[in-house]
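The lines below spell out each chain.
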Amino acid sequence: MKILGFFGGPRVEGKLSRLLQRALEGAESKGAEIKRFDLINLNIQYCRNCGNCVFNDSDLPLGNCPINDDVHSILEEYLAADGHIYASPVYDVFISALMKTFLERKMMLLYKPKDAYGIPAPRRPQNFKKKASLIVTGNAFEEYDGITAREIMGDPCFEALENTLMLEQIDTVDKLYVGGMERITEEILAQNLDEAYRMGIRLKEEIEKVLE
Ligand SMILES: Cc1cc2nc3c(=O)[nH]c(=O)nc-3n(C[C@H](O)[C@H](O)[C@H](O)COP(=O)(O)O)c2cc1C
């Protein structure tokens, strides 16, 4: 079983990166093969909406994209993997632009018959089920008028990630929001690193149930 991590922050040595790494290590501890993609270090250009990947060659597992960057090879591994862990910082009450840019390029996993509009279908067998877990970090941690920071900052990010995963029929196992990141104590960070590790274990176990 292979589980991939997608890191959508700019600080590869930062705390969110450590949370993702721990989650991957949790999955690895139960026998999963792991690999991470630090999006900041990859060549990921903006989708240009040429439509080629969606409307042409709809028999291909991965649509033809004329942009010559790293996304096609990342998505080949994405298609072959069993599970995914997404990690994004909250930027301006949403996922990072880096993560969003990558999500938009996943368009080439989908297809539509020419002239058809609406919700696109995935280019893979309908009964193929994958799972994902999500990690989001922000500075906000207080309650605002009784609404938690997780709800204000985390939920828009989780929703963005889950909506795109829904198009691929990928269910979410866990969603971890960690707030107060710039001032987090070692003790609280350690607790969240432990939780990330358990998330990795759970993701591996949940995928196993589907594959059985
Ligand atoms: C441009 C920018 C926008 C941000 N917007 C938010 C925000 O809307 N809400 C929030 O809670 N934190 C926000 N933050 C804080 C980041 O989410 C936080 O620094 C990051 O999660 C820390 O993770 P790291 O140490 O691994 O980089 C923002 C940071 C930057 C640089």
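Keep in mind the model is a prediction, meaning the values are calculated, not measured.

Chemist: Any chance you could explain the overall build of the chain here in plain terms?
Modeler: When you go through the chain residue by residue, the secondary structure sums to six helices and nine strands. Overall size of the chain, expressed as C-alpha extent along the three principal axes, is 55 × 40 × 30 Å. The burial tally for the chain puts 35% of its 212 residues in the buried class. By sequence separation, contacts in the chain at least 24 residues apart represent 78% of the contacts at least 6 residues apart.

Chemist: Looking at this model, I keep getting lost on the packing of helix α1 (residues 15-29) against helix α6 (residues 186-211). Mind explaining?
Modeler: When two helices pack together, you describe them by how their axes are tilted relative to each other and by the distance separating the axes. Put simply, α1 and α6 touch, their axes get as near as 6 Å, and they point 40° apart. Between α1 and α6, the crossing angle belongs to the class labelled oblique. Handedness of the α1/α6 crossing: right-handed. Every residue of α6 that contacts α1 at Lys15, Arg18, Leu19, Arg22, Ala23, Leu24, Glu25, Gly26, Ala27 and Ser29 is listed here: Leu189, Asn192, Leu193, Ala196, Tyr197, Arg198, Met199, Gly200, Ile201, Leu203 and Lys204. Its residues assigned to classes, the contact of α1 with α6 comprises eleven nonpolar, four polar and six charged.

Chemist: Please clarify how the pairing of strand β2 (residues 33-38) should be interpreted in this entry.
Modeler: Within a regular beta strand, the side chains point alternately toward one face of the sheet and then the other, so they alternate between its two faces. Sheet analysis places strand β1 (residues 2-7) next to β2, joined by six bridges and oriented parallel. Its bridge partner being in β2, Phe6 is matched across the sheet by Phe37.

Chemist: When you look at unusual backbone geometry in this model, what are you seeing that I'm missing?
Modeler: With the exception of glycine, most residues fall at negative phi, and the peptide bonds are largely trans. Its identity as a non-glycine residue notwithstanding, Asp92 has a phi of 55°, on the positive side. The residue Asp92 is located in the loop between β3 (83-89) and α4 (97-105) in this model.

Chemist: Sorry, what's going on with the site of the ligand here?
Modeler: Around the ligand, 18 residues are found, and the nearest of them are Gly14, Leu16, Pro89, Gly138 and Ala140. No other element matches α1, which puts three residues into the shell around the ligand. For the shell around the ligand, the per-class residue count stands at eight nonpolar, six polar and four charged.

Parameters at a glance
Residues numbered from 1 in each chain as written. Predicted model: local features only at pLDDT ≥ 70, side-chain atom pairs only at ≥ 80, totals over all residues. Helix = DSSP H or I, 4+ residues; strand = E, 2+ residues; numbered from the N terminus. Buried ≥ 20, exposed ≤ 12 C-beta atoms within 10 Å, placed from the backbone. Contact = placed C-beta atoms within 7 Å. Axes fitted to C-alpha atoms, helices over the stretch in contact; angles between N-to-C directions. Parallel < 35°, antiparallel > 145°, perpendicular 65-115°, else oblique. Left-handed = near helix turned anticlockwise from the far one by under 90°. Nonpolar A, V, L, I, M, F, W, Y, C, P; charged D, E, K, R; others polar. Pairing = 2+ DSSP bridges. Near = placed C-beta within 6 Å.

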